[in-house]
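# Close look at the chain arrangement
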Amino acid sequence: MTQTRTETLALTDGNQLRLTVAEPDGVVRGGLVVLHEARGVTARVRRLSSALAAEGWLTVAPHLYHRDGTDEFPDHHPEQHVHAQVQRLSGESILTDTDTSFVWLSDQGVAADRQGVIGFDIGGTAALVVAASRTIGAAVSIGGRGILDPLTETLPPLVEIAGELACPWLGLYGDGELEPGEVAKLREVTDTAPVATDVVRYPGVGHRFDRDPDAAAEAWQRARNWFDLHLR
């Protein structure tokens, strides 16, 4: 499997952004920004980044908690600490970190129309925020709360921005932790967006898909197909 490495980039606000990078062994098809789950850049996130790199995508995962010096919360770490960290995310910090990641991809020779973003869990929420604010090649959200009620005090409910999507966006949602009707409402709003969109709901599946291997495999294939279609 493709190995990952970590780079550190200086930001204009004086902070330093850590990036976990996975490079293809052969020809680069395009570049993907991978937005991590609530527990940070975990082994699972690194494995997924490596899997994408093995298919030809230059992947870069920004450490969204870097301003607090945090990379990852191990599984034994108290859930309330993870929740508190998530609450510190803002639209400004997410866009600053992803913009830096897109610039990094451009510096590696990846054109903007071959750049995409994919997010898992709270990263799925962040991916939709990015897709509604930036013109890139494509975006995929795998899970993500904050559809009707905002994930944090400084992020809008996703239904308020989903009609403003600026790039093709795919949303894949297990409904284990979502309120009834949330995914349907999101689909209703994204259908009004001026770009290609698709929303898929997996009844009875948790937001991380980790307890249903068949649904996880199907969602993963859909995500890869979306990038194959739009990042050319």
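What you are looking at is a predicted structure, and each value in this text was computed from that prediction instead of being measured.

Let us now look at helix α6 (residues 182-190). Each α-helix winds once per 3.6 residues, and so residues spaced three or four apart point in a common direction. Taken together, the buried positions of α6 are Glu182, Val183, Leu186, Val189 and Thr190. Buried residues along α6 cover an arc of 125° about the axis, so they all sit on one side. Buried-residue contacts for α6 involve α4 (122-131), α5 (158-161), β7 (169-174) and β8 (197-202).

Our next topic: the pairing of β7. Counting buried positions along β7 yields 6 of 6 residues, so the element is predominantly enclosed. Burial along β7 is two-sided: Trp169, Gly171 and Tyr173 and Leu170, Leu172 and Gly174, pointing in opposite directions, are all buried. In terms of strand pairing, β7 meets β8 through 6 bridges, oriented parallel. Each residue of the ladder has a partner; that of tryptophan 169, found in β8, is threonine 197. In the classification by handedness, the crossover that spans β7, the intervening α6 and the parallel β8 is right-handed.

This next bit is on the nonpolar core. The biggest cluster of nonpolar side chains holds 49 residues, and the ones touching the most others in it are Leu35, Leu105, Val117, Leu128, Trp169, Tyr173 and Leu186. Counting residues per element, this core draws most heavily on α4, which supplies 7 residues. Once you skip the residues sitting within four places of it in the chain, valine 117 turns out to touch Val33, Leu35, Phe102, Ala127, Val130, Ile136, Ala138, Ala139, Val140 and Phe227. Core analysis: the next-biggest nonpolar cluster, separate from the first, contains 26 residues, Val34, Val45, Phe209 and Phe227 among them.

Taken in spatial order, the 8 strands of this open sheet run β1-β2-β4-β3-β5-β6-β7-β8, and their pairing is mixed. Looking at strand neighbours, the two that pair on one side only are β1 (4-10) and β8, the edges of this open sheet. Between one strand axis and the next, the sheet turns through 20° on average, direction left out of account. Taken together, the 4 bridges between strand β2 (residues 16-22) and strand β4 (residues 57-62) define a ladder with antiparallel strand orientation.

Right, let's talk about the UniProt feature "domain: Dienelactone hydrolase" (unreviewed entry) in the protein chain for a bit. As annotated in UniProt, the feature "domain: Dienelactone hydrolase" (unreviewed entry) corresponds to residues 20-228 in the numbering used here. With 36% helix and 18% strand, residues 20-228 has its two end C-alpha atoms placed 23 Å apart.

How each quantity is defined
Residues numbered from 1 in each chain as written. Predicted model: local features only at pLDDT ≥ 70, side-chain atom pairs only at ≥ 80, totals over all residues. Heavy atoms only, no water. Buried < 20%, exposed > 50% of the residue type's maximum accessible area, 1.4 Å probe, protein only. Helix = DSSP H or I, 4+ residues; strand = E, 2+ residues; numbered from the N terminus. Arc of directions from axis to C-beta. Contact = heavy atoms within 4.5 Å. Pairing = 2+ DSSP bridges. Right-handed = clockwise from strand over helix to strand, strands pointing away. Core = buried A, V, L, I, M, F, W, Y, C linked by side-chain atoms within 4.5 Å. Axes fitted to C-alpha atoms, helices over the stretch in contact; angles between N-to-C directions. UniProt positions renumbered as here; feature names shortened; annotations may be inferred.

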